[in-house]
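Analysis of the macromolecular model
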Amino acid sequence: MFLPKYPDSPTPPPAHTPTEPAPVRRSLPSVSIDQKTVAALVVGGVVLTALLAAVAVTAISVAVAAVVLRSMLRDHHRR
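Scope of this entry: the structure provided in the associated data block. Quick caveat: nothing in here was measured; it's all calculated off a predicted structure.

So, how was this worked out
Residues numbered from 1 in each chain as written. Predicted model: local features only at pLDDT ≥ 70, side-chain atom pairs only at ≥ 80, totals over all residues. Heavy atoms only, no water. Helix = DSSP H or I, 4+ residues; strand = E, 2+ residues; numbered from the N terminus. Buried < 20%, exposed > 50% of the residue type's maximum accessible area, 1.4 Å probe, protein only. Patch = residues over 30% accessible without salt bridge, like charges linked within 9 Å, V, L, I, M, F, W, Y side chains within 5 Å. Areas by Shrake-Rupley, 256 points an atom, 1.4 Å probe, with all protein chains shown as cover. Salt bridge = Lys/Arg side-chain N within 4 Å of Asp/Glu carboxyl O.

**What to know about the overall build of the protein**
Across its full length, the protein holds 1 helix and 0 strands. Across the 79 residues in the protein, those meeting the buried criterion constitute 0%.

**Some points on a nonpolar patch on the surface**
A grouping of V31, I33, V38, V42 and V46 is seen on the molecular surface, where their side chains present a nonpolar patch of about 500 Å² in accessible area. Mapped onto the secondary structure, I33 falls in the segment before α1 (35-78). Under the relative-accessibility criterion, I33 is labelled exposed at 64%.

Take a look at the structure:
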């Protein structure tokens, strides 16, 4: 039978030693959030939501008006 050859004194593989130290991580500057900041963000969100709703209502109104005008013009051309 073939038996594998083992080394006489097993040695662990050499540990990896970095040549340069790891770069120092800089922490982000702290940001203070107070009640005024939160209130400004909430008001800004409400205003943007209202503007988006206004744009949506306007688009629907224009679409309905276009369908009505198209229907009226089609009936006018049939006569």
